[in-house]
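# Residue-level structural notes
Take a look at the letters that make up each chain.
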Amino acid sequence: IHSHVFWITPFITTFCTLSLVGLYMLGDFYWGILWYREMWIGCLVAPFGTILRWRLSTLNFKLAKLPWFPLGTFLANFIGSILSAGISAIDYIEPIDKEWTVSFIEAISLGVAGSLSTVSTLVKEIVEITEKNQTYDKKAFLYAVSTLICCCLIGLAVYSPIVRYG
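The numbers attached to residues start from 1 for each chain and follow its sequence in the written order. For this predicted model, a pLDDT threshold of at least 70 governs which residues receive local features, and a threshold of 80 or more governs which side-chain atom pairs are given and counted, while totals over whole chains, interfaces and linings are taken from all residues. Each side-chain value is worked out from all heavy atoms of the structure, with water and hydrogens disregarded.

## Brief notes about the packing of aromatic side chains
Our working definition: Here is the rule: rings of Phe, Tyr and Trp (six-membered ring for Trp) pair when centre to centre is within 6.5 Å. Planes less than 30 degrees apart are stacked, more than 60 are edge-to-face, and the remainder are tilted. Accessibility here uses a 1.4 Å probe with only protein chains present; expressed as a share of the type maximum, an area under 20% marks a residue as buried, one over 50% as exposed, and anything in between as partly exposed.
Overall, the coordinates contain 13 aromatic pairs when judged by the stated rule. Measuring from ring centre to ring centre gives 6.0 Å for Trp7 and Phe11, while their planes differ by 70°; the resulting arrangement is edge-to-face. Under the relative-accessibility criterion, Trp7 is labelled partly exposed at 43%. Residue classification places Phe11 among the partly exposed positions, given a relative accessible area of 49%.

Next up, the structure:
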């Protein structure tokens, strides 16, 4: 690649992103379809989840007693589960009639929690742990199962009391 075209990738990415958000806004304001409102607000708030996930990734493989454990990815998925379960529970018990409020709440769940939680990185790290250790080492299995169980349990622990007693 020639050095004088270094600007092309950021330009195309920015152009495509702004075009997509613009089309979502057009669908919201021109046709009045709420799904488009959730999409363009979700696109605007998604970088917050992405930046938080990136910052949490600095914690990966830094536990003293478990140096193989990707704590940052685990915490990102854990926090994403809390956000998603909490927003879903609040949305379930408090049917809000205001279109903008509902759209914003759904967009936070979609944008922030969706970009914070990460399945692809989880799978990549499971494969890396498997490749770095012996064939029958249980570390990858422990990481996968602990992530799934902890995220499911915290989701239930957040969602259930809000729906039941809220």
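## What to know about the state of the cysteines
Note the cut-off: Cysteine sulfurs are considered disulfide-paired once they come within 2.5 Å of each other.
For the structure on display, the rule yields zero disulfides. In this model Cys16 remains outside any disulfide bridge; the closest cysteine sulfur is found in Cys43, 13 Å from its own. We classify Cys16 as partly exposed; its relative accessible area is 45%. Free cysteine: Cys152, not disulfide-bonded; nearest cysteine sulfur from Cys151 at 7.2 Å.

## Description of the nonpolar core
The condition is simple: Buried residues of nine kinds, namely Ala, Val, Leu, Ile, Met, Phe, Trp, Tyr and Cys, make up a nonpolar core once their side-chain atoms join them within 4.5 Å. Helical segments are the DSSP runs of H or I of at least four residues, strand segments are the runs of E of at least two, and each set is numbered from the N terminus. Note on contacts: a residue pair is in contact if any heavy atoms of the two residues lie within 4.5 Å.
Ranked by size, the top nonpolar core spans ten residues in total: Trp68, Phe69, Leu71, Phe74, Leu122, Ile126, Ile129, Ala140, Tyr143 and Ala144. Among the secondary structure elements, those contributing two or more residues to this core are helix H3 (71-93), helix H5 (119-132) and helix H6 (139-165). The contacts of Leu71, once residues within four sequence positions are left out, are Leu59, Asn60, Phe61 and Leu63. Residues Val21, Tyr24, Met39 and Ala107 belong to the second largest nonpolar core, which totals six residues.

## Remarks on a nonpolar patch on the surface
In plain terms, the rule: Patch criteria: residues need more than 30% relative accessible area and no salt bridge. Like-charged residues are merged within 9 Å; nonpolar side chains of Val, Leu, Ile, Met, Phe, Trp and Tyr are merged within 5 Å. What sets the accessible areas is the Shrake-Rupley method with a 1.4 Å probe; for residues, cover comes only from the shown protein chains. A pairing counts as a salt bridge when a side-chain nitrogen of Lys or Arg comes within 4 Å of a carboxyl oxygen of Asp or Glu.
Taken together, Phe6, Trp7, Ile8, Phe11, Ile12 and Phe15 make up a surface patch of nonpolar side chains, about 680 Å² in accessible area. Counting through the fold element by element, Phe6 comes out in the segment before helix H1 (8-29). Residue classification places Phe6 among the exposed residues on the basis of a relative accessible area of 66%.

## Here's the deal with the layout of surface pockets
Selection criterion: Space inside and on the surface of the protein is sampled on a 1 Å grid over the protein atoms alone, with a cavity defined as a set of points where a 1.4 Å probe fits but cannot get out and a pocket as an open set with protein on both sides within 12 Å along at least 5 of 7 lines; lining residues have an atom within 4 Å of a point. Grid points are joined across faces, edges and corners, and a volume is the space filled by probe spheres set on the points. Polarity classes work like this: nonpolar for Ala, Val, Leu, Ile, Met, Phe, Trp, Tyr, Cys and Pro, charged for Asp, Glu, Lys and Arg, and polar for all others, with Gly in that last group.
The volume enclosed by the largest pocket comes to roughly 160 Å³. Considering the residues around the largest pocket, the lining is formed by Asn77, Gly80, Ser81, Ser117, Thr118, Val119, Leu122, Thr147, Leu148 and Cys151. Class assignment for the residues of the lining of the largest pocket results in four nonpolar, six polar and no charged.

## Some points on the packing of helix H2 (residues 34-56) against helix H4 (residues 99-116)
Packed helix pairs are characterised by how far apart their axes lie and by the angle those axes make with each other. The condition is simple: Lines fitted to the C-alpha atoms define the axes, with helices restricted to the stretch that makes contact. Angles between their N-to-C directions range from 0 to 180 degrees. Crossings are classed by handedness, with left-handed meaning an anticlockwise turn of the near helix from the far one by less than a right angle and right-handed meaning a clockwise turn.
Packing of H2 against H4 leaves a shortest axis separation of 6 Å and a crossing angle of 35°. The way H2 lies across H4 gives a crossing that is right-handed. Across the contact of H2 with H4, the residue classes tally to 15 nonpolar, six polar and five charged.

## Section: the packing of H3 against H4
Heads up, the rule is: In what follows, roughly perpendicular refers to angles from 65 to 115 degrees, roughly parallel to angles under 35, roughly antiparallel to angles over 145, and oblique to any angle outside these ranges.
Remark: H3 packs on H4, axes separated minimally by 8 Å, with the N-to-C direction vectors making an angle of 165°. By the angle between their axes, H3 is roughly antiparallel relative to H4. Between H3 and H4 lies a crossing whose hand is left-handed. For the pair H3 and H4, the contacting residues are Ala76, Ile79, Gly80, Leu83, Ser84, Ile87 and Asp91 in the first and Ile105, Glu106, Ile108, Ser109, Val112, Ala113 and Leu116 in the second. Broken down by class, the residue content of the contact of H3 with H4 amounts to nine nonpolar, three polar and two charged.

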